[in-house]
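# Coordinates in review
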Amino acid sequence: MVRAVGVDAVTDATFDAEVLRAGLPVLVEFTADWCGPCRQLAPVLSDVAREEVDRVKVVQLDVDSNPETTIRYGVLSMPTLIVFRDGEPVKQMVGARPKRKLLLELADA
């Protein structure tokens, strides 16, 4: 998995505790090593995680290593970004995007 700096990885085993029971909204990137757009998105996620640390938690989930969570949320394309609030998915986005657009979409979630 292409790890974004400052962004924690979650797994099938840790997803519920780290995402669904988090105190903040959580932006989850469903990613994979073979995904080119995921590599493009990594620095954007790093920036968002650093700049919005008090507003949103940012994590990554490797779809190849964690099929249970990937299937549970119907993720078919990488990268897929899902915003969770109070344990529920509230917004889903597919594909890489620039930071400004991602921040605007997060504001709407």
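Let me sum up the structure you'll find in this document. (Residues numbered from 1 in each chain as written. Predicted model: local features only at pLDDT ≥ 70, side-chain atom pairs only at ≥ 80, totals over all residues. Heavy atoms only, no water.)

## Thoughts on the overall build of the protein
Applicable threshold: Secondary structure elements follow DSSP: runs of H or I no shorter than four residues count as helices, runs of E no shorter than two count as strands, and numbering proceeds from the N terminus. Radius of gyration means the value over C-alpha atoms here, while the globule rule gives 2.2 Å times the residue count to the 0.38 power. The buried label applies to any residue whose accessible area, calculated with a 1.4 Å probe on protein chains only, is under 20% of its type's maximum; exposed applies above 50%, and partly exposed to all values in between. What makes two residues a contact is simply this: any of their non-hydrogen atoms within 4.5 Å. What sets the accessible areas is the Shrake-Rupley method with a 1.4 Å probe; for residues, cover comes only from the shown protein chains. We treat Lys and Arg as the positive residues and Asp and Glu as the negative residues; His and chain ends play no part in the count. Note that the charge is assigned to NZ on lysines, CZ on arginines, CG on aspartates and CD on glutamates.
When its secondary structure is counted, the protein shows four helices and five strands. Tracing the protein from N to C terminus, the helices and strands come up as β-α-β-α-β-α-β-β-α. Computed over C-alpha atoms, the radius of gyration of the protein comes to 12 Å, within 12% of the 13 Å expected from 2.2 N^0.38 for 109 residues, which places it in the range of a compact globule. Overall, the C-alpha framework of the protein stretches about 30 × 30 × 20 Å when taken along its three principal axes. A buried classification covers 49% of the 109 residues belonging to the protein. Taking all contacts inside the protein whose residues are at least 6 apart in sequence as the whole, residues at least 24 apart take part in 70%. Just so you have it, the protein exposes about 5,600 Å², and 51% of that area is on carbon and sulfur atoms. Charged side chains in the protein number 13 positive and 17 negative. The centres of these two groups are separated by 6 Å.

## What to know about the sheet that holds strand β3 (residues 57–62)
Definition in use: Strands are labelled as partners when DSSP assigns at least two bridges between them. Simply put, an axis is a line fit to the C-alpha atoms, just over the touching stretch for a helix, and the angle between two N-to-C directions goes from 0 to 180 degrees.
Pairing is mixed across the open sheet formed by five strands, whose spatial order is β1-β3-β2-β4-β5. Only two strands of the sheet have a single partner each, and these edge strands are β1 (8–10) and β5 (88–94). Averaged over all neighbouring strand pairs, the angle between strand axes comes to 30°, with direction disregarded. Those strands touched by helix α2 (residues 36–51) are β2 (26–31), β3 and β4 (80–85), and its axis lies near 165° from that of β2. Sheet contacts for helix α4 (residues 99–108): β2, β4 and β5; angle to β5, the most-contacted strand, approximately 155°.

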